[in-house]
Amino acid sequence: MTDVLEPAHVEHHDADHEEHHGATGILNWLTTTDHKVIGLSYTVTAVIMLVIGGFFAEIIRGQLASPNGHLVSLAQYNELFTMHGSVMIYLFAGPFAFGALANIIVPIQIGAPDMAFPRLNALSYWLYLTGAITMLMGFFTAGGAANFGWVGYVPLSNTLNSPGAGADLWIGGLLLTGFSAIFTGVNLCATIFYLRAPGMTMFRMPIFTWNMLVTAILILLAFPVLTAGLVMLYCDRHFGTHIFSVAGGGVPVLWQHIFWFWGHPEVYILALPFFGMVTEIIAVFSRKPVFGYKGMIFATLTIAALSLGVWAHHMFTTGVVLLPFFSIMSLLIAVPTGIKMFNWIGTMWRGEIWFSTAMLMAVGFVVTFLIGGLTGIYLASPPLDFFTHDTYFVVAHFHSVVMALVMGGLAGLYYWGPKFTGYLLNERLGKVQFWLLFLGTQLFTVPLYILGLEGMPRRMAVYPNDPQWKMLNDLSSLGAFIIGISTLLFVVNIIVSWKKYPAGDNPWDAHTLEWFTTSPPPHHNFYRLPQIRSERPTWDYNHPEHRTLHHGEHASDHDKQEATV
Amino acid sequence: MKVEAKILLGLGLFFGLMCLVYWNWSLENAGGVMMFAGMLLGFLPGGYYYWWSRRMAPRPEDNPNATQSDGAGVVGAFPGSSIFPFVMGMGAFFVVLALVFGIWLLVPGLALVVWSLLGGTAEGRRGGQH
């Protein structure tokens, strides 16, 4: 029978709704359409992908710990850096950002019973899982996995240079995960536009939900382009078309245009959800509302719009792109990102900061993202980019960025994990994990910046036996191993704190609607909802004496009103 | 509904302007076409939402002073559980593997996809399993 839902605030005690008798065990996992279960599946799968991709990274850093490393062969090294990038970007960071936490949290934050299209949501997960399996299957084929870099540039990815099944599996896996992303984007847009609770106007949505809406729109703009490009690449490989081959009158650089028209917005598809998580966490643990709420939303929208006009800054050295246009647009992104930095600091300013693990991770995100962001401004300038293109400077830049995102994601897991599992993680282990991760990240990236400026090219398995290069590479490898240990510590933490520290409904005295319901939330999320009069409905309910002021209202006005009453 | 419409229309406007500037300055077609398509993705749904927002009464979620009882009634129909997303996922998996390992895999792949389409539609009419 279809679950025709009454709104949650009508305090019905219909046993059918409170105790949802569904299938259990594996059948429940295969047939579920509950956004929380799907989100949890996404979370677990994405974390497994993080561990797989991280394992590849450790092998890469092991190989580079000595100038003529023999840990892997040159061919295996090509497969490893390709699949490290592919697993981390396509299978971990993206799905974790918009499939895992967003799936669980967004409907609850806006007071909705589920995603707008629950079965489409389940399909998204199955396409993601099968896409991941497809891509990784390459390792078990005769020719090995894809080995042309995660960007799949032609002519490296044509049949002449990559004849094996690994390349086709890479394309197939990307098609599946691409459709998964598009369906999730549609679902998030529909959910946020149509399933908000009464009083939850657009400008009362939590920043995380706002960022997910913008991310979803970016997905809808960018992913179809990649899918189309992949189909063209497959046709070039197998059906004799010459879209990307010079021999048949095609244009190889067209692949780069198509790939990066998806690829640069993808950076923000990855980053915006983590910006949202960190914004929520910093506000809650500073015990203040978000500083500059509307400014944050404006900055998010601006970043998203600009991100679609900067793709060719990855292609400066091809010599066929309009340098001033892409340089100006790329530099402009620093403005809204700067607004965000300013607002994060403004939110912490004079707050009662509680340095829980989630907050430490969030602050670590801000610091590390600042390093990655500032070096990005260097790279937006063509003269500097010509000098550093395809060196370790670029590698260091985007690893600062993505390691910041990993910290943001862990902040999200420490913060929201108790909501969807019902149990807290061990704070002491969490703090040790944070410091290892934070220091390991800086030790890993800073030597790479220096190596890049000295001209060490990326994607090379061996390098000249120079004592300084050896030392810098060793330091970087040491950093990478420390990051690996911190990741293992997270797994240890999950095992150690398994069902040990019950969280309660609102362990952080947080602001938004998900903390109004139980941990974990019931089927269809809410038994009742509070009155929504600001972007912090749960806070307003719990602290009527410190209610959130309306935009433009000042505390002094409020005091005067109180005095006259 | 007006805010939602304005976001999408604003996005369309931005891409329209960018498309004009970029295409005329660079004379490069790929990016010009993609920005034009981006403009359409802003204007088409944005225009539709705007058209509707002028014809409908504000919904409780658009009203800043709404109380929870304003939203009383049926929120929507949410299927309880369904095997068909999984079936379709497996079908798509086989279809993709057919691209790599051999065309014969299309047979189970398309069979699963068609089964899930029929089954999912019928389930939608019937109301699904609880």
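Provided above is the structure to which this section pertains.
Quick caveat: nothing in here was measured; it's all calculated off a predicted structure.

## Let's talk about the overall build of chain A
Then, number 1: When helices and strands are counted, chain A shows 18 helices and three strands.
Then, number 2: Across its three principal axes, chain A shows a C-alpha extent of roughly 80 × 55 × 45 Å.
Then, number 3: Out of the 565 residues belonging to chain A, those deemed buried represent 56%.
Then, number 4: Restricting to contacts in chain A with at least 6 residues of sequence separation, those with at least 24 account for 82%.

## A few points about the overall build of chain B
Then, number 1: When its secondary structure is counted, chain B shows four helices and one strand.
Then, number 2: Sequence-ordered secondary structure for chain B, helices as α and strands as β, is α-α-β-α-α.
Then, number 3: A compact globule built from 130 residues should have a C-alpha radius of gyration of about 14 Å, whereas chain B, at 22 Å, is more than 25% larger.
Then, number 4: With the C-alpha coordinates of chain B rotated into their principal frame, the extents come out at 55 × 50 × 20 Å.
Then, number 5: Looking at chain B residue by residue over its 130 residues, the buried ones come to 38%.
Then, number 6: For chain B, long-range pairs separated by at least 24 residues make up 58% of all intrachain contacts whose partners lie at least 6 apart in sequence.

## Things to note about the interface of chain A and chain B
Then, number 1: Each partner contributes residues to the interface: chain A has 54 residues there, and chain B has 51 residues.
Then, number 2: Top contributing element to the side of chain A that touches chain B by residue count: helix α5 (residues 118-137) of chain A, with eight residues.
Then, number 3: Of the residues contributing to the side of chain A that touches chain B, the split by class is 35 nonpolar, 14 polar and five charged.

## Describing the environment of R350 of chain A
Then, number 1: Residue placement: R350 of chain A occurs in the loop between α11 (334-348) and α12 (357-379).
Then, number 2: For the pair formed by R350 of chain A and K288 of chain A, sequence separation is 62 residues and the distance between their alpha carbons is 9.1 Å.

## What to know about the environment of L233 of chain A
Residue and element names in this part refer to chain A.
Then, number 1: Tracing the chain through its elements places L233 in helix α7 (residues 207-238).
Then, number 2: Judged by C-beta crowding, with 25 C-beta atoms within 10 Å, L233 ranks as buried.
Then, number 3: Along the sequence, L233 and V363 sit 130 residues apart, while their C-alpha atoms lie 42 Å from each other.
Then, number 4: Not counting residues up to four positions away in its chain, the partners in contact with L233 are S157, I171, F244 and W255.

## Some points on the packing of helix α15 (residues 427-453) of chain A against helix α16 (residues 467-496) of chain A
Residue and element names in this part refer to chain A.
Then, number 1: With their axes 8 Å apart at the nearest point, α15 and α16 run at an angle of 160° to one another. The orientation of α15 with respect to α16, classified from their angle, is roughly antiparallel. For the element pair α15 and α16, the recorded crossing hand is left-handed.
Then, number 2: When its residues are assigned to classes, the contact of α15 with α16 shows 23 nonpolar, eight polar and no charged.

## Overview of helix α6 (residues 165-194) of chain A
Then, number 1: Here α6 of chain A spans 43 Å end to end across 30 residues, near enough to the 44 Å set by a 1.5 Å rise per residue.
Then, number 2: Of all 30 residues in α6 of chain A, 27 are buried, a share of seventy percent or more.

## Here's the deal with helix α9 (residues 293-307) of chain A
Then, number 1: Here α9 of chain A contains 15 residues, and its C-alpha end-to-end distance of 21 Å stays within 8% of the 21 Å for a straight helix at 1.5 Å per residue.
Then, number 2: Among the structural elements, α7, α8 (252-285), α10 (323-332) and α11 of chain A together with α1 (2-26) of chain B are those in contact with the buried residues of α9 of chain A.

## A look at the packing of α6 of chain A against helix α3 (residues 84-101) of chain B
Then, number 1: Orientation of α6 of chain A relative to α3 of chain B, taken along the N-to-C sense of each, is 150°, at an axis distance of 9 Å. Taken together, α6 of chain A and α3 of chain B sit at an angle that is classed as roughly antiparallel. As for how α6 of chain A packs across α3 of chain B, the hand of that crossing is right-handed. Side by side, α6 of chain A and α3 of chain B meet where A165, D168, L169, G172, L175 and L176 of chain A of the first sit next to A92, V96, L97, L99 and V100 of chain B of the second.
Then, number 2: Grouping the amino acids of the contact of α6 of chain A with α3 of chain B by side-chain chemistry returns nine nonpolar, one polar and one charged.

## Description of unusual backbone geometry
All names here are of chain A.
Then, number 1: That bond from V154 to P155 is cis: its omega, 5°, falls within 30 degrees of zero.
Then, number 2: Looking at the element boundaries, P155 is found in the loop between α5 and α6.
Then, number 3: For the bond from S519 to P520, the omega torsion is -10°, close enough to zero to count as cis.
Then, number 4: Its location among the elements puts P520 in the loop between β3 (501-502) and α17 (537-542).

What counts and how
- Residues numbered from 1 in each chain as written.
- Chains lettered and ligands numbered in written order.
- Predicted model: local features only at pLDDT ≥ 70, side-chain atom pairs only at ≥ 80, totals over all residues.
- Helix = DSSP H or I, 4+ residues; strand = E, 2+ residues; numbered from the N terminus.
- Buried ≥ 20, exposed ≤ 12 C-beta atoms within 10 Å, placed from the backbone.
- Contact = placed C-beta atoms within 7 Å.
- Rg over C-alpha atoms; globule rule 2.2 N^0.38 Å.
- Nonpolar A, V, L, I, M, F, W, Y, C, P; charged D, E, K, R; others polar.
- Axes fitted to C-alpha atoms, helices over the stretch in contact; angles between N-to-C directions.
- Parallel < 35°, antiparallel > 145°, perpendicular 65-115°, else oblique.
- Left-handed = near helix turned anticlockwise from the far one by under 90°.
- Expected span 1.5 Å × (residues − 1).

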